[in-house]
Amino acid sequence: MTDKYAVIGNPISHSKSPFIHSMFAQQTNQDISYEAIEAPLDGFADTIARLRAEGYKGCNVTVPFKFEAFKLATQRSGRANDANAVNTLIFEGNEILGDNTDGVGLLADIEKNVQYKLFLKDALILGAGGAAAGVMWPLFNAGVGIIVANRTLEKAQALAADFEGAGTVYAKRYEDLEGLSFDIVINATSSGLSDELPPLPDGLFKRGSLAYDMMYGKETPFLKFARAQGASVISDGLGMLVEQAATSFALWRKVRPDTKPVLEALRAL
Ligand code: ATR
């Protein structure tokens, strides 16, 4: 029998996840279906209840429901607790297991696809919303020193405070970045959606540095800025999307798909 999965978000119509998971399924001979479902903004829990009643085995969760998914899960992985958000649900009897594969997805993309070594590097993370929160612990655990900068300083400070006792993560405003430079600059703001760029000073990129935008689908103002400022390696977030999907797929199906042909197919679209 075909096992059913889905991605839940709002909006969701442009999601590439059904394409990605159907390629994974073909490649690994798994009999699954995977669709994109738009939940009403006030109807996430109802949508999950319906999927469970209809026998779905699990789902991915995207903007703006990752925190609601975290709350709805009856058991959570360490990765979900670190991120305070859930992007993968597994329905098992009465339990709803919640995990978060975004952080490992970013790490896998940077180290495997982009081929940039993270250990002992220093990183600037732009933004302190859900996207930033999801990747901070994985980067920290990979041996990366972190400064998180945000328009609203309090939100960056709240994220940095999580690391007290484990190590030092500094919080700054954009204007405080003057004179600093980094091996890695990650744009985790949603500024690209409105074709905007946080007010960044010149000279942020060290020689050999990586500029990474978690958005994909177009060259954002951040990536244009990074190119003009001399960042050596430039990447959008398409690889992260495919890698986080692969880890979700492996959690559900206990078989790990090869991400390379899927990323190539998406780039060719
Ligand atoms: P997401 O889940 O995508 O992270 P979010 O939690 O709403 O979404 O967070 C959006 C992030 O992008 C925030 O860090 C926000 O900055 P503020 O906290 O100061 O609002 C940042 N952001 C959005 N638009 C921006 C812009 N035009 N310039 C700079 N930062 C922006």
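So, how was this worked out
- Residues numbered from 1 in each chain as written.
- Predicted model: local features only at pLDDT ≥ 70, side-chain atom pairs only at ≥ 80, totals over all residues.
- Heavy atoms only, no water.
- Core = buried A, V, L, I, M, F, W, Y, C linked by side-chain atoms within 4.5 Å.
- Buried < 20%, exposed > 50% of the residue type's maximum accessible area, 1.4 Å probe, protein only.
- Helix = DSSP H or I, 4+ residues; strand = E, 2+ residues; numbered from the N terminus.
- Contact = heavy atoms within 4.5 Å.
- Pairing = 2+ DSSP bridges.
- Axes fitted to C-alpha atoms, helices over the stretch in contact; angles between N-to-C directions.
- Parallel < 35°, antiparallel > 145°, perpendicular 65-115°, else oblique.
- Left-handed = near helix turned anticlockwise from the far one by under 90°.
- Nonpolar A, V, L, I, M, F, W, Y, C, P; charged D, E, K, R; others polar.
- Salt bridge = Lys/Arg side-chain N within 4 Å of Asp/Glu carboxyl O.
- Near = heavy atom within 4 Å.
- Polar contact = N/O pair within 3.5 Å; in protein donor to acceptor, adjacent residues only side chain to side chain.

Undergrad: What should I look at first to understand the nonpolar core in this one?
TA: In summary, soluble globular proteins display a tendency toward joint burial of nonpolar side chains. Leu139 and Val148 are the most contacted members of the largest nonpolar core, which has 30 residues in total. Listing elements by their share of this core, those giving two or more residues are α5 (102-113), β7 (122-126), α6 (130-141), β8 (145-149), α7 (153-161), β10 (182-187) and β11 (205-213). Counting residues per element, this core draws most heavily on α6, which supplies 7 residues. Not counting residues up to four positions away in its chain, the partners in contact with Val148 are Ile125, Gly127, Ala128, Met136, Ala156, Leu159, Ala160, Val169, Tyr170, Ala171 and Lys172. Of all hydrophobic cores here, the second largest spans 20 residues; its members include Tyr5, Ala245, Phe249 and Leu263.

Undergrad: Sorry if this is basic, but what is going on with the sheet that holds strand β6 (residues 95-99) here?
TA: Strand pairing in a sheet takes place through backbone hydrogen bonds and is either antiparallel or parallel in direction. On the basis of which strands lie adjacent, the open sheet formed by 6 strands has the order β2-β1-β3-β5-β6-β4 and mixed pairing. Every other strand in the sheet has two partners, leaving β2 (32-38) and β4 (75-76) as the edge strands with one partner each. For strand β1 (residues 3-9) and β2, the ladder comprises 7 bridges, and the chain directions are parallel. Bridge pairing in β2 places Tyr5 opposite Tyr34. The sheet contacts of helix α9 (residues 238-253) involve β1, β2, β3 (58-61), β5 (88-92) and β6, and relative to β5 the element is tilted by about 10 degrees.

Undergrad: Hey, could you run me through the packing of α5 against α6 in this one?
TA: Each pair of packed helices gets described by two things: the angle between the helix axes and the distance between those axes. Put simply, α5 and α6 touch, their axes get as near as 7 Å, and they point 55 degrees apart. Judged on the interaxial angle alone, α6 and α5 are oblique. The interaxial crossing formed by α5 with α6 has right-handed handedness. Between α5 and α6, the residues in contact are Asp102, Gly103, Leu106 and Leu107 and Gly134, Val135, Pro138 and Leu139, respectively. A breakdown of the residues in the contact of α5 with α6 according to their chemical character gives 5 nonpolar, 2 polar and 1 charged.

Undergrad: Looking at this structure, I do not really get the pattern of salt bridges. What am I missing?
TA: Close approach of charged atoms allows side chains of opposite charge to pair. Summed over all chains, the structure comprises 10 salt bridges. Asp3 is the partner of Arg253 in a salt bridge, and the nearest nitrogen-oxygen pair spans 2.8 Å. In this pair, Arg253 sits in helix α9 while Asp3 sits in strand β1, placing the two residues 250 residues apart along the sequence. For Arg253, a relative accessible area of 17% corresponds to the buried category. Taking the relative accessible area as the measure of exposure, Asp3 reaches 17% and is therefore buried. Members of the salt-bridge network, linked through shared partners, are Asp122, Asp183 and Lys206.

Undergrad: Please explain the site of the ligand as it appears in this structure.
TA: As a matter of local geometry, the ligand sits amid 14 residues, with Asn150, Arg151, Thr152, Lys155 and Glu196 nearest to it. Gly130 has a polar backbone atom sitting 3.0 Å from an oxygen atom of the ligand. The residue inventory of the shell around the ligand, partitioned by class, reads 3 nonpolar, 8 polar and 3 charged.

Any functional reading would require information beyond the geometric quantities listed.
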